[in-house]
Amino acid sequence: MNAPPDPNAAAPNERQGFWTRFSKTLDAGRQAYVADLKEVFGRPALDTAFWDDLETSLIAADAGVPTTERVVGDLRRQAAGAHLRTPADALGYLKADLGKQMAARPRDLNLRGAPAVMLVVGVNGSGKTTTIGKLAHLLQREGRRPLLAAGDTYRAAAIEQLRLWGERAQVEVVAHGPGADPGAVAFDAVQAARARGKDLVIIDTAGRLHTRTDLMEELRKVRRVLQRLDEQAPQEVLAVLDAHVGQNSAQQVKVFQEAIGLTGLAVTKMDGSAKAGVVLSIEEDLSVPVKLVGIGEGLDDLNRFDPGQYLDALLRKEDGT
Ligand SMILES: Nc1nc2c(ncn2[C@@H]2O[C@H](COP(=O)(O)OP(=O)(O)OP(=O)(O)O)[C@@H](O)[C@H]2O)c(=O)[nH]1
Ligand SMILES: [Mg+2]
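What counts and how
- Residues numbered from 1 in each chain as written.
- Chains lettered and ligands numbered in written order.
- Predicted model: local features only at pLDDT ≥ 70, side-chain atom pairs only at ≥ 80, totals over all residues.
- Heavy atoms only, no water.
- Helix = DSSP H or I, 4+ residues; strand = E, 2+ residues; numbered from the N terminus.
- Rg over C-alpha atoms; globule rule 2.2 N^0.38 Å.
- Buried < 20%, exposed > 50% of the residue type's maximum accessible area, 1.4 Å probe, protein only.
- Contact = heavy atoms within 4.5 Å.
- Areas by Shrake-Rupley, 256 points an atom, 1.4 Å probe, with all protein chains shown as cover.
- 1 Å grid on protein atoms, 1.4 Å probe; cavity = no way out; pocket = protein on both sides within 12 Å on 5 of 7 lines; lining within 4 Å.
- Points joined across faces, edges and corners; volume = space filled by probe spheres on them.
- Nonpolar A, V, L, I, M, F, W, Y, C, P; charged D, E, K, R; others polar.
- Phe/Tyr/Trp six-rings, centres within 6.5 Å; stacked < 30°, edge-to-face > 60°.
- Lys NZ or Arg CZ within 6 Å of the ring centre and 35° of its normal.
- Near = heavy atom within 4 Å.
- Polar contact = N/O pair within 3.5 Å; in protein donor to acceptor, adjacent residues only side chain to side chain.
- Sits in = over half its atoms within 2 Å of the grid points.
- Salt bridge = Lys/Arg side-chain N within 4 Å of Asp/Glu carboxyl O.
- Pairing = 2+ DSSP bridges.
- Axes fitted to C-alpha atoms, helices over the stretch in contact; angles between N-to-C directions.

(A) The overall build of the protein, seen in detail. A count of helices and strands for the protein gives 12 helices and eight strands. Taken against the 2.2 N^0.38 rule, which gives 20 Å for 321 residues, the C-alpha radius of gyration of the protein at 21 Å falls within 12% of a compact globule. In terms of overall dimensions, the protein has a C-alpha envelope of 65 × 45 × 30 Å along the principal axes. The buried share of the protein, taken over its 321 residues, is 55%. Here the analysis covers contacts within the protein between residues at least 6 apart in sequence; of these, 77% occur between residues at least 24 apart. Carbon and sulfur atoms provide 50% of the accessible area of the protein, an area that totals close to 13,600 Å².

Below is the structure:
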């Protein structure tokens, strides 16, 4: 028997042009800033205006107050100790520091299972269904055989939307009628995947406000059903966050994390969002790694998160761009 494909074999950078588009779209979002992080790091001197504007632009980018204070405090100490002399030095230090922290977080998708099961959750309209369509496409191109499960049974339109993504990405969709039990859909999808030789099931769920405890219980029920079929399932529970929501998304993540446990985050709508810094604060505060980023509504507008590329796009590249 052939060995299954290594789920994380394809380097993130192989997605053609993704990180160039990512960087451009962050630049577009940046136009809303009071001061621009890239501009601040491009200045000649570590003067008072530099420190003030660095702090302002980190907060404007939604890096959050605690993260901003820690980062700026740390840089100031390094500068006082004469370890940093220019904004370019500060940039190098900050990128190395944040990069080290980010590299320590496990970001690979766990796709080990027969099939592996991914449960995708989040508040209304955060981008779950779209992310699932793009993710199915991404993973299929890497040699996986995904199947989608229409676990959002609240609206007929939600089932149709997933079917449409199924057609676009050329993957099968298992669905019941509107009003069906999401647990039953999930169960059938895993059985169907086994019968049809699929190695991955991605389950869509209805958007729910994190404050609705009854709807959180429904997610726990889906998880219990999955665990009856495979103790390790779901291998991934991904919360989808809209980057425009910025700091408020931390609260959403916390509640989903407590209710069902999350293995990772997918941050969507980074295109044109001025709040790309939110990744820094969420990871620092909540220790749930960002695994995927979305920059649009097209099939190729999703990629695995790459901290180095992200920091280049947010702060500045060493070559000044
Ligand atoms: N610009 C942009 N739009 C996105 C992105 N991801 C999703 N969208 C759009 O956001 C809207 C909501 O996306 P959905 O995928 O339907 O969100 P959802 O979480 O499934 O929504 P519910 O099922 O209603 O909770 C749609 O109009 C998507 O096209 C993205 O990365 N960039
Ligand atoms: Mg949806």
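More follows now that the structure is in view.
(B) Molecular detail of the layout of surface pockets. Taken as a whole, the largest pocket holds about 380 Å³ of empty space. For the largest pocket, the lining is made up of 21 residues, of which Gly125, Ser126, Gly127, Lys128 and Thr129 are closest to its centre. In terms of residue class, the lining of the largest pocket is made up of two nonpolar, 12 polar and seven charged.

(C) Region of the structure containing the packing of aromatic side chains. A complete count under the given rule lists seven aromatic pairs for this structure. With a centroid separation of 6.0 Å and an interplanar angle of 70°, the aromatic rings of phenylalanine 41 and phenylalanine 50 are classed as edge-to-face. Looking at phenylalanine 50, the relative accessible area reads 0%, which means it is buried. Cation over ring: arginine 168 sits above tryptophan 165, and NZ or CZ is 4.3 Å from the ring centre.

(D) Geometry of unusual backbone geometry. The step from alanine 114 to proline 115 runs through a cis peptide bond, and the omega angle for that step is 0°. If you trace the backbone, proline 115 turns up in the loop between helix H5 (87–103) and strand S1 (116–121). At the junction of alanine 233 and proline 234, the peptide bond is cis and its omega measures out at -10° in the coordinates. Residue placement: proline 234 occurs in the loop between helix H9 (213–229) and strand S5 (236–242). The phi dihedral of alanine 82 is positive, around 65°, even though this residue is not glycine. Looking at where alanine 82 falls in the secondary structure, it is placed in the loop between helix H4 (65–80) and H5. For alanine 82, a relative accessible area of 40% translates into the label partly exposed.

(E) Fine view of the site of ligand 1. Looking at ligand 1, there are 18 residues lining it, with Lys128, Thr129, Thr130, Asp271 and Glu297 nearest. Residue serine 126 places a main-chain N or O atom 3.2 Å away from an oxygen atom belonging to ligand 1. At 2.3 Å, a side-chain N or O of glutamate 297 approaches an oxygen atom of ligand 1. Starting from 650 Å² of accessible surface for ligand 1 in isolation, the protein chains cover 78%. In this structure, ligand 1 is accommodated by the largest pocket. Here the shell around ligand 1 is built from residues that sort into one nonpolar, 10 polar and seven charged.

(F) Spotlight on the pattern of salt bridges. All chains considered together, the criterion is met by 23 salt bridges. Sharing partners across several salt bridges, the network here consists of Glu39, Arg43 and Asp53.

(G) Structural detail: the sheet that holds strand S8 (residues 302–304). In spatial order, the strands read S3-S2-S4-S1-S5-S6-S7-S8; together these eight strands make up an open sheet with mixed pairing. The sheet terminates laterally at strand S3 (172–174) and S8, the two strands that pair on one side only. Each neighbouring strand pair of the sheet contributes to a mean axis angle of 25°, computed without reference to strand direction. As judged from the three bridges shared by strand S7 (residues 290–294) and S8, these two strands associate in the antiparallel manner. Across the sheet, glycine 294 pairs through a bridge with leucine 302, a residue of S8. Each of S1, S5 and strand S6 (264–268) is contacted by helix H10 (residues 249–260), which is oriented at about 160° to S5, the strand it contacts most.

Just distances and angles here, no functional claims.
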